[in-house]
Amino acid sequence: MAVEEGSDKSCIFCKIINKEMNTELLHYDEEVSCFRDIKPGADHHYIVVPTRHVGNCKSLTKHHVPLVQRMVEVGKEILEKNNFTDLSDVRFGFHWPPFCSVTHLHLHVLAPASQLGFMSRLVYRLNSYWFVSVEQLIQILNSKSEVTLTG
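Residues numbered from 1 in each chain as written. Predicted model: local features only at pLDDT ≥ 70, side-chain atom pairs only at ≥ 80, totals over all residues. Heavy atoms only, no water.

What follows concerns helix H2 (residues 65–81). In this model H2 runs 25 Å from its N-terminal to its C-terminal C-alpha over 17 residues, within 8% of the 24 Å that 1.5 Å per residue would give. All of the buried residues along H2 are Val 65, Leu 67, Val 68, Arg 70, Met 71, Val 72, Val 74, Gly 75, Ile 78 and Leu 79. At its buried positions, H2 is contacted by strand E1 (25–28), strand E2 (32–36), strand E3 (44–50), strand E4 (91–95), strand E5 (107–111) and helix H4 (134–143). (Helix = DSSP H or I, 4+ residues; strand = E, 2+ residues; numbered from the N terminus. Expected span 1.5 Å × (residues − 1). Buried < 20%, exposed > 50% of the residue type's maximum accessible area, 1.4 Å probe, protein only. Contact = heavy atoms within 4.5 Å.)

The structure is reproduced here in structure tokens:
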């Protein structure tokens, strides 16, 4: 299969989206895709990614806020399709560089958050140095100033 425009041929998530890996896509559209985490930290542990390759959290700008919000919407839809409806018991978040194992932007969706084991509570600890909530990421992005180059 040819590598799609907007993908990185060395990126494992791009390979999953391009169906080069034997991973079930739970959701796929032009903007966002979703699949199960290979090392689940909860009964429901999904990874939601932009369908086109986008770098990690630090590479984002305020223009990416709608994409981040769409990723959360898809995460909620996948939970509901898998009969998990208590959205108050879900952890949504992103690993903050350099604590990312894959440089393709990805949202972790974990549920039930109240039943995370010790290691999962540590690895997916909200608003730590290594894992940020969606709200915190959006706040960071909205506070970034625009850089204008003048000649």
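With that settled, consider the packing of aromatic side chains. Scanning all chains against the criterion turns up 3 aromatic pairs. Residues Tyr 124 and Phe 131 carry aromatic rings whose centres are separated by 5.5 Å and whose planes lie at 80° to one another, so their mutual orientation is edge-to-face. In this pair, the class of Tyr 124 matches that of Phe 131, namely buried. Directly above the aromatic system of Tyr 28 lies the positively charged group of Lys 19, at a separation of 5.9 Å from the ring centroid. (Phe/Tyr/Trp six-rings, centres within 6.5 Å; stacked < 30°, edge-to-face > 60°. Lys NZ or Arg CZ within 6 Å of the ring centre and 35° of its normal.)

Their axes nearest at 10 Å, the elements H2 and H4 cross at an angle of 170°. The angle between the axes of H2 and H4 places the two elements in the roughly antiparallel class. Contacts from Val 65, Val 68, Gln 69 and Val 72 in H2 reach Val 134, Leu 137, Ile 138, Leu 141 and Asn 142 in H4. A per-class count over the contact of H2 with H4 returns 7 nonpolar, 2 polar and no charged. (Axes fitted to C-alpha atoms, helices over the stretch in contact; angles between N-to-C directions. Parallel < 35°, antiparallel > 145°, perpendicular 65-115°, else oblique. Nonpolar A, V, L, I, M, F, W, Y, C, P; charged D, E, K, R; others polar.)

Across soluble globular proteins, nonpolar side chains show a tendency to be buried alongside one another. Core analysis: the biggest nonpolar cluster contains 30 residues, and Phe 94, Leu 107 and Leu 137 have the highest contact counts within it. Counting 9 residues, the second-largest nonpolar core is a separate cluster that includes Phe 13, Ile 16, Ile 17 and Val 102. (Core = buried A, V, L, I, M, F, W, Y, C linked by side-chain atoms within 4.5 Å.)

Turning next to the pairing of E5. Summarising burial for E5: 5 of the 5 residues are buried, a large majority. Residues Leu 107, Val 109 and Ala 111 line one face of E5 and the alternating positions His 108 and Leu 110 line the opposite face, and both faces are buried. Of the strand pairs in this sheet, E3 and E5 are connected by 5 bridges, and their pairing is antiparallel. Considered in E5, the bridge of His 45 is made with Leu 110. Sheet topology places E4 next to E5; 3 bridges connect them, and they run antiparallel. Residue pairing across strands places Phe 92 opposite Val 109, the latter belonging to E5. (Pairing = 2+ DSSP bridges.)

Below, the discussion takes up unusual backbone geometry. In terms of backbone geometry, most residues other than glycine have negative phi values and most peptide bonds are trans. With an omega of 10°, the peptide bond between Pro 97 and Pro 98 qualifies as cis. In the segment running from Ala 111 into Pro 112, the intervening peptide bond is cis, with an omega of -5°. Locating Pro 112 in the fold gives a position in the loop between E5 and helix H3 (118–123). A positive phi is found at Lys 19, a non-glycine position, where the angle reads about 60°. Relative to the helices and strands, Lys 19 resides in the loop between helix H1 (12–17) and E1. Judged by its relative accessible area of 61%, Lys 19 falls in the exposed class. With phi around 55°, Asn 127 is a residue other than glycine that occupies positive phi space.

This is a description of form; function is not addressed.
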